[in-house]
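Take a look at the letters that make up each chain.
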Amino acid sequence: MKIRLLAVGTGMPPWVRQGYEAYAQRLTRDVQLELLEIPAGHRSKSADLHRLTEKEGRAQLAAVRPGDTLIALDLAGKCLSTEKLADTLQQWLLQGQTICLAIGGPEGLDEAVRQQAAWNWSLSPLTLPHPLVRILVAEQIYRAWTLLQGHPYHR
């Protein structure tokens, strides 16, 4: 099964790429984590942030293929324990679909992405920097997978 992170923003600092890859590379063929970076619009004092966020959202939605399941990472989403995420990952494995996790840019996700998502997932009630979310999602997917495998990583 494949999990695709549809993350707004390119040219992340090395620590972001290294953190993400540290967990993504630990996964096996059973669960493959793939990052698709969506270019963020240029932010300036006069930029129309609503229009930029809509454009980013359209690009995220265009990356979702027929048959994929879209999940929006959003502050107002459903919080999952690690055990519940592992149960969810198990369901995803059984369904065999590609899961697309949408991570917004500095202003968050476009409303169209939230509305088209099967459900919204919140990592925390805290506002998190979007580059860090990539690492947190990769680590949590890895942790859930190790829990399913009976691996001692999750203690």
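In what follows, the accompanying structure is described. Given the structure is predicted, the values throughout are model-derived calculations rather than measurements.

1. Side note on the side chain of Gln60
- Inspection of the secondary structure assignment puts Gln60 in helix 2 (residues 49–62).
- Engagement of the side chain of Gln60 in a polar contact is seen with the backbone oxygen of Leu6, the distance being 2.8 Å.

2. Some words on the pairing of strand 4 (residues 99–103)
- The element strand 4 is largely enclosed, with a buried count of five among its five residues.
- Residues Ile99, Leu101 and Ile103 point to one face of strand 4 and Cys100 and Ala102 to the other, with burial holding for every one of them.
- Here strand 1 (residues 2–8) runs beside strand 4; their pairing, made up of five bridges, is parallel. Residue Arg4 lies in a different strand from strand 4, and its bridge partner there is Cys100.
- Here strand 3 (residues 69–79) runs beside strand 4; their pairing, made up of four bridges, is parallel. When the bridges of strand 4 are listed, Thr69 appears paired with Ile99.

3. Some thoughts on the nonpolar core
- Counting 29 residues, the largest nonpolar core has Ile3, Leu33, Leu89, Trp92 and Leu101 as the members making the most contacts within it.
- Residue assignment for this core shows that the elements contributing at least two residues are strand 1, helix 1 (14–24), strand 3, helix 3 (82–95), strand 4 and helix 5 (130–149).
- Per element, the largest residue contribution to this core is eight residues, and it comes from helix 5.
- Beyond its immediate chain neighbours, meaning those up to four positions away, Trp92 contacts Met1, Ile3, Ile71, Gln97, Ile99, Leu101, Trp119 and Ile141.
- Grouped together as the second largest cluster of nonpolar side chains are ten residues, Ala63, Ala72, Ala102 and Ala117 included.

4. Comments concerning the environment of Ala63
- Inspection of the secondary structure assignment puts Ala63 in the loop between helix 2 and strand 3.
- Taking C-alpha positions, Ala63 is 8.6 Å from Cys100, a pair spaced 37 residues apart along the chain.
- Residue contacts for Ala63: discarding those within four places in its chain leaves Arg4, Leu6, Leu36 and Asp68.

5. Here's the deal with the packing of aromatic side chains
- Enumeration according to the criterion identifies three aromatic pairs in this entry.
- Measuring from centroid to centroid gives 6.1 Å for Tyr23 and Tyr142, while their planes differ by 45°, and the two rings are tilted. Linking Tyr23 in helix 1 with Tyr142 in helix 5, this pair joins segments that are 119 residues apart in sequence. For the pair Tyr23 and Tyr142, one class covers both residues: buried.
- Aromatic pair Tyr142 and Tyr153: ring centres 4.9 Å apart, planes at 70°, arrangement edge-to-face.

The rules we used
Residues numbered from 1 in each chain as written. Predicted model: local features only at pLDDT ≥ 70, side-chain atom pairs only at ≥ 80, totals over all residues. Heavy atoms only, no water. Helix = DSSP H or I, 4+ residues; strand = E, 2+ residues; numbered from the N terminus. Polar contact = N/O pair within 3.5 Å; in protein donor to acceptor, adjacent residues only side chain to side chain. Buried < 20%, exposed > 50% of the residue type's maximum accessible area, 1.4 Å probe, protein only. Pairing = 2+ DSSP bridges. Core = buried A, V, L, I, M, F, W, Y, C linked by side-chain atoms within 4.5 Å. Contact = heavy atoms within 4.5 Å. Phe/Tyr/Trp six-rings, centres within 6.5 Å; stacked < 30°, edge-to-face > 60°.

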